[in-house]
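# Commentary on secondary and tertiary structure
Each chain is listed here by its residues.
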Amino acid sequence: MSPPVRVSFFGGLGEIGRNMASIEVDGRLAIVDVGLIFPDAEHHGIDLILPDWSLLRQRRADLHCVVITHGHEDHMGALPFFLREFPSVPIYATRLTLGLIRAKLEEYPEIKPDLREVDAGERLTTGPFDIEFVGVTHSIPDGLAVAFHTPHGTILHSGDFKLDQTPIDDKPTDLPHFSQLGDDGVALLLADSTNADTPGHVPTERMIGKTLREVFAAARERIVVTTFASHIHRVQQVIDAAIDSERLVCFVGRSMLRNMPIARDLGYLGYDDSQVIDLAEVERLPRDRTVIVCTGSQGEPYAALSLMAAGQHRQVSLEPGDTVIMASSVIPGNEHAIYRSINGLFRQGADVVYKGIADVHVSGHAAADELRYFHNIVRPSAFVPLHGEYRHMVAHARIAEETGTPHDQVFVCEDGDTIVLTDGVVHRGDRFEPGVVFVDGLGVGDVGNAVLRDRRQLSSEGICVAVVTLDQHSRLVGTPEVVQQGIIYEPEQSILLEQAAKALAEELRLIGDQGDLAVVRGDTVRALGRFWREATGRRPVILPVLVEV
Ligand SMILES: [Zn+2]
Ligand SMILES: [Zn+2]
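Residues numbered from 1 in each chain as written. Chains lettered and ligands numbered in written order. Predicted model: local features only at pLDDT ≥ 70, side-chain atom pairs only at ≥ 80, totals over all residues. Heavy atoms only, no water.

One way to see where empty space is left: roll a probe the size of a water molecule over the atoms. Taken as a whole, this structure holds one cavity of 30 Å³ or more when the rule is applied. Reported here for the largest cavity is a volume of approximately 100 Å³. Lining the largest cavity are 16 residues, and of these Asn19, Met20, His157, Leu386 and His387 lie nearest its centre. When residues of the lining of the largest cavity are traced back to their parent elements, those giving at least two are β3 (20–25) and β13 (188–192). Classifying every residue of the lining of the largest cavity by side-chain character gives six nonpolar, seven polar and three charged. (1 Å grid on protein atoms, 1.4 Å probe; cavity = no way out; pocket = protein on both sides within 12 Å on 5 of 7 lines; lining within 4 Å. Points joined across faces, edges and corners; volume = space filled by probe spheres on them. Helix = DSSP H or I, 4+ residues; strand = E, 2+ residues; numbered from the N terminus. Nonpolar A, V, L, I, M, F, W, Y, C, P; charged D, E, K, R; others polar.)

This is the structure:
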């Protein structure tokens, strides 16, 4: 009898981002997705957040392969960091996903990845793994669900999916394939929960094309459309609407310019060179003959649309009568930045069309009714909701129970949880403590929660530095020098700083010559902390600098 099969969750449970799980069969590990999440305002200065895969360092020799379900950052964005540690592990993904991975890795020429193309409908065996790939629709083409046929039962991982019945590429989620897997028996289903608390169905992507054509037909001047640079089908519909209204298309923004030629060369996007122009030509053409397709749908500070909204884009300016279409979602946490963009665009005189005003966006994730349908087709014995905040996962767990998975076989998990399969029976395994890994500038993992706490305090309370000169017995020499930044307004500071220095000197004279630098340091922090609290009610970071003469 082969050892139990273990599923471990490294990230993506409890938040939407940095998805990563491992499936262990016969002591070998297959990883599904290696994603990242972008920081929010609480993460002062952090650039990216990765899953913590430190456990895998001790299991380097057991690492067998990586499967990437699709080309979104929350599923493949951490690969450059992962491959630096595990450079030779083979990566399986579809053609478009591999194209986007290749483009991402171009910035890291030292990484020579072992990329292996697979296609929806394919089944392959590698080592102890028997893996089957199922095509799904999502907000990027060429997405996969992945079934692992293990000695203890089949595990089905849905990837990100919805059930669009009329997708732009005419490749709907492969329901017959899922049904077949369900007939053969799925011991454990792991599935996308993003929209589990949204009732009903997600409308088809094709609906957007109709809205785009209407808005384009009514537009009299320049049109600017923003969407995600990975949403190839959305861009295709913009191109089609542009051709219909006799306009030429111009891609603006780094990721648009990078992804669209890749998608076209691989056959996922159709346009003719004569239909696409570069930015220099836009200015030479009449305003009603062009459509700019640009990045910045989430209000990212330096993205093309944000610069246009602020009137700071070097080549594109908006004028009254122009139309801007935000063909994208509002990702929770980005509301403020997005509405700042929309306000800025209106200020430039443009007419802004966004979700809520017109049907210019549909989600890429199955809503509650689609999930019910999916569960009824797959009929899993056990279920773990993936890819969601806790509330989404709870909503998805309820759907699983409604559709027949027994209550004690539905496991709402968090990062660090494991699930074990033995002979078709599923139960919880031991937990491990998962960390988060912050990327800041060139550093990976050298900024932890303690540093973030300091940054938060620095940003909200300011800093006070005290230079304390000591003799060889650690006695104070002269008066300490106290400076501050971010605590008080300049004209007020000289008197307060003098008082602070005096209070500190008194305190240090009180302790006399204890000959201990740690005591002096601790006392300096305490005395100045008390001083600022009493004088201003603030709690700045206190940094003592001890100088011995
Ligand atoms: Zn996705
Ligand atoms: Zn995702």
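Right, picking up where we left off after that structure.
With respect to topology, six strands assemble into an open sheet ordered β9-β10-β11-β12-β13-β19, the strand pairing being mixed. Each edge of the sheet is formed by a strand with only one pairing partner; in this case those strands are β9 (123–126) and β19 (382–386). Direction aside, neighbouring strands of the sheet carry axes that sit 20 degrees apart on average. Pairing analysis gives four bridges linking β9 to strand β10 (residues 129–136), with the strands arranged antiparallel. Note on β10: the bridge partner recorded for Thr126 is Phe129. Against the sheet, helix α4 (residues 175–184) engages β10, β11 (143–150) and β12 (153–157), with an angle of about 145 degrees to β10. The sheet strands contacting helix α12 (residues 390–402) are β13 and β19, and the helix crosses β19 at an angle near 155 degrees. (Pairing = 2+ DSSP bridges. Axes fitted to C-alpha atoms, helices over the stretch in contact; angles between N-to-C directions. Contact = heavy atoms within 4.5 Å.)

Our focus in this paragraph is the pairing of β9. Here β9 shows a clear split, with Leu124 and Thr126 buried on one side and none of Arg123 and Thr125 buried on the other. Connecting β9 to the antiparallel partner β10 that follows it, the hairpin turn spans two residues, and Gly127 within it adopts a positive phi of roughly 55 degrees. (Buried < 20%, exposed > 50% of the residue type's maximum accessible area, 1.4 Å probe, protein only.)

An order of β8-β7-β6-β4-β3-β1-β21-β22 is seen for the eight strands of this open sheet, with the pairing classed as mixed. Every interior strand has two partners, whereas the edge strands, β8 (114–117) and β22 (425–428), have only one. Averaged over all neighbouring strand pairs, the angle between strand axes comes to 20 degrees, with direction disregarded. Against the sheet, helix α3 (residues 95–105) makes contact with β7 (90–93) and β8, and its axis sits at roughly 160 degrees relative to β8, the strand it touches most.

Turning our attention to the pattern of salt bridges. Oppositely charged side chains can pair when the atoms bearing their charge come close. Under the definition given, this model contains 31 salt bridges. A salt bridge links Arg455 to Asp440; its shortest N-O distance comes to 2.7 Å. Remark: Asp440 occurs in strand β23 (residues 436–440) and Arg455 occurs in helix α13 (residues 449–461); sequence separation between them is 15 residues. It is possible to trace a salt-bridge network through shared partners that takes in Asp417, Arg428, Arg431 and Glu433. (Salt bridge = Lys/Arg side-chain N within 4 Å of Asp/Glu carboxyl O.)

Moving on, we come to the coordination of the zinc ion (ligand 2). Those protein atoms acting as donors to the zinc ion (ligand 2) are Asp74 (OD), His75 (NE2), Asp160 (OD) and His387 (NE2), and they sit at 2.0 to 2.2 Å. Around the zinc ion (ligand 2), the four donor atoms sit at angles spanning 85 to 168 degrees, and that spread fits a shape best called irregular. In the primary structure, the donors to the zinc ion (ligand 2) are separated according to the pattern D-H-x84-D-x226-H. Between the zinc ion (ligand 2) and the zinc ion (ligand 1), a separation of 3.3 Å is found, and both are coordinated by Asp160. A residue pair is termed long-range when its members are at least 10 positions apart, and His75 in helix α1 (residues 73–76) and His387 in the loop between β19 and β20 (388–389) qualify at 312 residues. You'll find His75 and His387 in the same group, each marked buried. (Donors = N, O, S within 2.8 Å, 3.2 Å for Na, K, Ca; no water. Tetrahedral: all angles 85-135°; square planar, octahedral: opposite > 155°, others 65-115°.)

Next up on the list: the packing of aromatic side chains. Given two aromatic rings, one states the distance between the centres and the angle between the planes to describe the pair. Considering all chains together, one arrives at eight aromatic pairs under this definition. Taking 4.9 Å as the distance between ring centres and 80 degrees as the angle between the ring planes, the aromatic pair formed by Phe178 and Phe374 counts as edge-to-face. Placement of the pair is Phe178 in helix α4 and Phe374 in helix α11 (residues 368–378), with a sequence separation of 196 residues. Look at Phe374 and you get buried, because its relative accessible area is 0%. Judged by centre distance (5.4 Å) and plane angle (75 degrees), the rings of Phe531 and Trp532 are edge-to-face. For the residue pair Phe531 and Trp532, the accessibility class agrees, reading buried in each case. Site record: aromatic cluster; members linked through ring pairs are Trp53, Phe82 and Phe86. (Phe/Tyr/Trp six-rings, centres within 6.5 Å; stacked < 30°, edge-to-face > 60°.)

On to a nonpolar patch on the surface. Together, Val477, Val545, Val547 and Val549 line one region of the surface with nonpolar side chains, adding up to about 290 Å² of accessible area. Relative to the assigned elements, Val477 resides in the loop between β25 (463–470) and β26 (481–485). (Patch = residues over 30% accessible without salt bridge, like charges linked within 9 Å, V, L, I, M, F, W, Y side chains within 5 Å. Areas by Shrake-Rupley, 256 points an atom, 1.4 Å probe, with all protein chains shown as cover.)

With respect to the helices, strands and loops of the structure, Thr173 is situated in the loop between β12 and α4. Engagement of the side chain of Thr173 in a polar contact is seen with the backbone nitrogen of Thr137, the distance being 2.9 Å. If sequence neighbours within four positions are ignored, Thr173 has contacts with Gly135, Val136, Thr137, Lys162, Leu163, Asp164 and Phe178. (Polar contact = N/O pair within 3.5 Å; in protein donor to acceptor, adjacent residues only side chain to side chain.)

For the rest of this paragraph, the subject is the coordination of the zinc ion (ligand 1). Distances from the zinc ion (ligand 1) to its protein donors, His70 (NE2), His72 (ND1), His138 (NE2) and Asp160 (OD), fall within 2.1 to 2.4 Å. Given four donor atoms and angles of 90 to 168 degrees at the metal, the environment of the zinc ion (ligand 1) is assigned as irregular.

Non-glycine residue Asp33 carries a positive phi angle of around 70 degrees. On the secondary structure map, Asp33 appears in the loop between β4 (28–32) and β5 (48–51). What makes Asp33 buried here is its relative accessible area of 1%. You will see that Glu246, though not glycine, has its phi angle at about 55 degrees, which is positive. If you trace the backbone, Glu246 turns up in the loop between α6 (232–244) and β15 (248–252). Residue class for Glu246 comes out exposed when judged on its relative accessible area of 62%.

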